Amino acid sequence: MSSTEVASSTKSSLALLGGPKAITKDPADMFTWPIITSEDEQAVLEMIHRGVGMSGTDVTKQLEKEVCEWLGVKYALGYCNGTASLLGAMFGCGVGIGDEIIIQSPVYWAAALPALSLGATINFADILGDTLCIDPADIEHRISEDTKAIVVVHNCAYPAEMDEIMAIAEKHNVKVIEDVSHAQGGLYKGRALGTIGHVGAFSMMAGKSLVAGEGGMLITNDQNIFERAAAFGHYERTGLPSMYSDGKGQITNPELKKFAGVPLGGYKHRLNQVASSLARVQLKYYPQRIVEIQKAMNRFWDLLEGVPGIKAHRPPADSGSTMGGWYAAKGLYRSEELGGLSAEKFCQALTAEGFETRPGINGPLHLHPALHDADVYGHGKPTVIANASRDVRQGPGSLPVTEGIAKRAISIPWFKHDRPEIIEEYAAAFRKVAEHADELLK
Ligand SMILES: *Cc1c(COP(=O)(O)O)cnc(C)c1O
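Within each chain, residues carry numbers counting from 1 in the order of the written sequence. Two thresholds apply to this predicted model, a pLDDT of at least 70 for residue-level local features and 80 or more for giving and counting side-chain atom pairs, whereas whole-chain, interface and lining totals are computed over all residues. Computation of side-chain values covers all heavy atoms of the structure but excludes hydrogens and water.

A short note on the sheet that holds strand S1 (residues 75-79)
Across a sheet, paired strands are connected by hydrogen bonds in the backbone, their directions being either parallel or antiparallel. Here the rule is simple: two strands pair whenever DSSP picks up at least two bridges between them. Helix and strand assignments come from DSSP, with helices taken as H or I runs of at least 4 residues and strands as E runs of at least 2, each series counted from the N terminus. Strand order across the open sheet formed by 7 strands is S1-S9-S8-S5-S4-S2-S3, with mixed pairing between neighbours. Both edges of this open sheet fall to S1 and strand S3 (121-125), since each of them pairs with a single strand only. Along the sheet, successive strands turn relative to each other by an average axial angle of 20°, direction set aside. Judged from the 5 bridges that link them, strand S4 (residues 147-153) and strand S5 (residues 175-179) form a sheet pairing that is parallel. Looking across to S5, one finds that Ile150 is bridged to Val176. Helix H6 (residues 162-172) rests against S4 and S5 of the sheet, and its axis sits at about 150° to S5. Contacts from helix H7 (residues 223-233) reach S1, S5, strand S8 (199-203) and strand S9 (216-220), with the element oriented near 20° to S1. Here an angle of 0 to 180 degrees is reported between the N-to-C directions of two axes, which are lines fitted to C-alpha atoms, with helices fitted over the stretch in contact. Should any heavy atoms of two residues lie within 4.5 Å, those residues are counted as being in contact.

Describing the packing of helix H2 (residues 38-48) against helix H9 (residues 273-303)
Running from N to C, H2 and H9 point in directions that differ by 155°, and their axes come no closer than 8 Å. Compared by their axis directions, H2 and H9 come out roughly antiparallel. For the pair H2 and H9, the sense of crossing is right-handed. Touching Glu39, Asp40, Ala43, Val44, Met47 and Ile48 of H2 are Gln273, Val274, Ser277, Leu278, Val281, Gln282, Lys284 and Tyr285, all from H9. Residues of the contact of H2 with H9, tallied by class, amount to 8 nonpolar, 3 polar and 3 charged. Working definition: roughly parallel below 35 degrees, roughly antiparallel above 145 degrees, roughly perpendicular at 65 to 115 degrees, and oblique for all remaining angles. Left-handed describes a crossing whose near helix is turned anticlockwise from the far helix by less than a right angle; the clockwise case is right-handed. Charged means Asp, Glu, Lys or Arg here, nonpolar means Ala, Val, Leu, Ile, Met, Phe, Trp, Tyr, Cys or Pro, and polar covers whatever is left, Gly included.

Concerning the nonpolar core
Formed by 83 residues in total, the largest nonpolar core has its most connected members in Met204, Phe300, Phe346, Ile410 and Phe430. Counting residues per element, the ones that place at least two in this core are helix H3 (58-71), S4, H6, S9, H9, helix H10 (343-353), helix H12 (420-435) and helix H13 (437-441). Element by element, the count of residues in this core is highest for H9, at 10 residues. Boundaries of every domain are those given by an automatic assignment or by a domain database. Structurally, this core is a two-domain feature, drawing no fewer than three residues from each of domain 1 (3-36 + 286-361 + 404-441) and domain 2 (38-280). For Phe430, the contacting residues outside a window of four places in its chain are Phe300, Leu304, Ile310, Phe346, Leu350, Phe355, Ile410, Ser411, Ile412 and Pro413. Think of a nonpolar core as a cluster: buried Ala, Val, Leu, Ile, Met, Phe, Trp, Tyr and Cys residues, connected wherever their side-chain atoms sit within 4.5 Å. Only protein chains enter the accessibility calculation, which uses a 1.4 Å probe; a residue is then buried when its area is under 20% of its type maximum, exposed when over 50%, and partly exposed in between. Counting residues in hydrophobic clusters, the runner-up holds 42 residues, among them Ala111, Val151, Ile225 and Leu256.

Description of the side chain of Gln282
When you line up the elements, Gln282 lands in helix H9. Two N or O atoms count as a polar contact when they lie within 3.5 Å, although within protein this holds only if one can serve as hydrogen donor and the other as acceptor, and sequence-adjacent residues are included solely when both atoms are side-chain atoms. Separated by 2.8 Å, the side chains of Gln282 and Asp40 make a polar contact. Not counting residues up to four positions away in its chain, the partners in contact with Gln282 are Pro34, Ile35, Ile36, Asp40, Leu210, Val211 and Arg289.

Concerning the packing of aromatic side chains
Pairing of aromatic rings covers Phe, Tyr and the six-membered ring of Trp, with a centre-to-centre limit of 6.5 Å; geometry is then stacked below 30 degrees between planes, edge-to-face above 60, and tilted otherwise. All chains considered together, the criterion is met by 15 aromatic pairs. On the numbers, 5.6 Å between centres and 90° between planes, the contact of Tyr327 with Trp414 is edge-to-face. Taken together, the residues span a long stretch of sequence, with Tyr327 in the loop between strand S10 (310-312) and strand S11 (330-333) and Trp414 in the loop between strand S12 (409-411) and H12 at a distance of 87 residues. Accessibility assignment for this pair places Tyr327 and Trp414 in one class, buried. One cation-aromatic arrangement involves Lys416 over Trp414; the distance from NZ or CZ to the ring centre is 3.9 Å. Charges are assigned to positions over rings by a cutoff of 6 Å between ring centre and Lys NZ or Arg CZ, combined with an angular limit of 35 degrees from the ring normal.

Notes on the side chain of His372
Examined against the element boundaries, His372 turns out to sit in the loop between H10 and helix H11 (400-404). A polar atom in the side chain of His372 sits 3.3 Å from the backbone oxygen of Gln394. Discounting residues that sit within four places of it in the chain, His372 has contacts with His366, Leu367, Pro382, Val384, Arg393, Gln394 and Gly395.

Focus: the site of the ligand
Residues are classed as near a molecule or strand on a simple rule: at least one heavy atom within 4 Å of it. Around the ligand lies a shell of 14 residues, among which Thr83, Asp179, His182, Ser203 and Lys208 are the nearest. Measuring from an oxygen atom of the ligand, one finds a side-chain N or O atom of Thr83 at 2.5 Å. In terms of residue count, helix H4 (residues 82-92) provides more of the shell around the ligand than any other element does, 3 residues in total.

As for the domain arrangement of the protein chain
Under the domain assignment, the protein chain is made up of domain 1 (3-36 + 286-361 + 404-441) and domain 2 (38-280). Between domain 1 and domain 2, the C-alpha centre-to-centre distance is 33 Å. Taken residue by residue, the interface counts 29 residues in domain 1 and 30 residues in domain 2. Where domain 1 abuts domain 2, roughly 2200 Å² becomes buried across the two surfaces, and 63% of that area is made up of carbon and sulfur atoms. Salt bridge, as applied in this entry: a Lys or Arg side-chain nitrogen positioned within 4 Å of an Asp or Glu carboxyl oxygen. Linking domain 1 to domain 2 there are 2 salt bridges. Here Asp130 and Arg334 are joined by a salt bridge, their closest N and O atoms 2.9 Å apart. Our count for the contact surface shared by domain 1 and domain 2 stands at 9 residue pairs in polar contact (both at pLDDT 80 or more). In terms of residues, the side of domain 1 that touches domain 2 owes the most to one element, H9, which gives 3 residues. In terms of residue class, the side of domain 1 that touches domain 2 is built from 18 nonpolar, 7 polar and 4 charged. As a working definition, buried area equals the accessible area (1.4 Å probe) given up by two parts on being put together, with both sides summed.

Thoughts on the pairing of S5
With 4 of 5 residues buried, S5 lies mostly within the body of the structure. We call a crossover right-handed when, viewed with both strands directed away from the observer, the connection leading from the first strand over the helix to the second proceeds clockwise. For the handedness criterion, the β-α-β arrangement of S4, H6 and S5 is classed as right-handed. Note: S5 against S8, 3 bridges, orientation parallel. From the neighbouring strand, Ile177 faces S8, where its bridge partner is Val199.

Written as structure tokens, this is what we have:
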């Protein structure tokens, strides 16, 4: 062998070190979301030509009816956004002054912070490293007299351990709010996410799996929660006749009905009907679209079965649990299987192969200064403890899995179509980087 042949045969195949890229094919619309057709356009056009009728609730109520049929729930209530639907769900569950909610710490702020505007505080729990969802074993010891609700986020589309959580909630008589913003249409042991707890809420903003543009939805089988939520932020449903409402109202409880005409929270949570028109068309095709996504994502993970360093973030195949639209799809990174290679370096190598990625999930909210020091309402002390009977703030080191998770999860391709030749290329890129990890350690 000549010296140049030796040099080329030992040269790395990794793109980061000068080798050829693993991903070369044009992915076309593999990652395009939402999928917009002329049917979506038509629905939006019709609505914007309605004039003042845009501000009604008739189309939103049709959407709500379709959501109820789809998920098998009694009540659905449209919201201007997911954050508002979570606020409504919390009020619906009776969260108020001096109460506590329990929620996982790595989480989008909107699932937690509405509790502060109701005068409650937030007790953050740790997560399970394999599901990225709340650790049921870290819930019970946090429950006190003041605990009103556990907010369960099906994080990055993974269905949280609902059986364990519901058992704890029942034992202590606290409500369970499911935040389904990442997992619309997902199942837990065959049951629709959002319908297992006392109330579900989800976002329909443009980046989520089920899209209205901006929008939210509350779902429940509990008439009292539904009526409280409606009374709080939907004045047009309280029974006040106006040009935006038939005046019939949806509230039967006399304790709430006597305040008809104004929203008790002082909020206007109505869903924009341009958005609900779009959402109706999106929902019509959503169940079939997520079947396709499910096939594509499972194909990707099946190809990577047994590859060191990277593990699927999905429930076992025979569990009856599914990932809905696989929002914010993640892989579990295990640097110890790759000689300690950092997640950053692994992601850099993947990016060089043609898939731009980085490590991490939503940040640890329990360490954010707003959850420690912000005096939002002028109480003269931090809002988070303004009405609380105890201080549940937690500093660095208190939630170890949460605080280490940025090194143990990475973004993976979120395929919207099951096209084997493209998916195989992406899987090959992951396999290549994992199998050449030692070259990145030098
Ligand atoms: C997006 C999101 C929300 C907030 O929804 P918006 O529609 O953006 O207000 C709440 N919870 C989670 C987990 C989310 O990802």
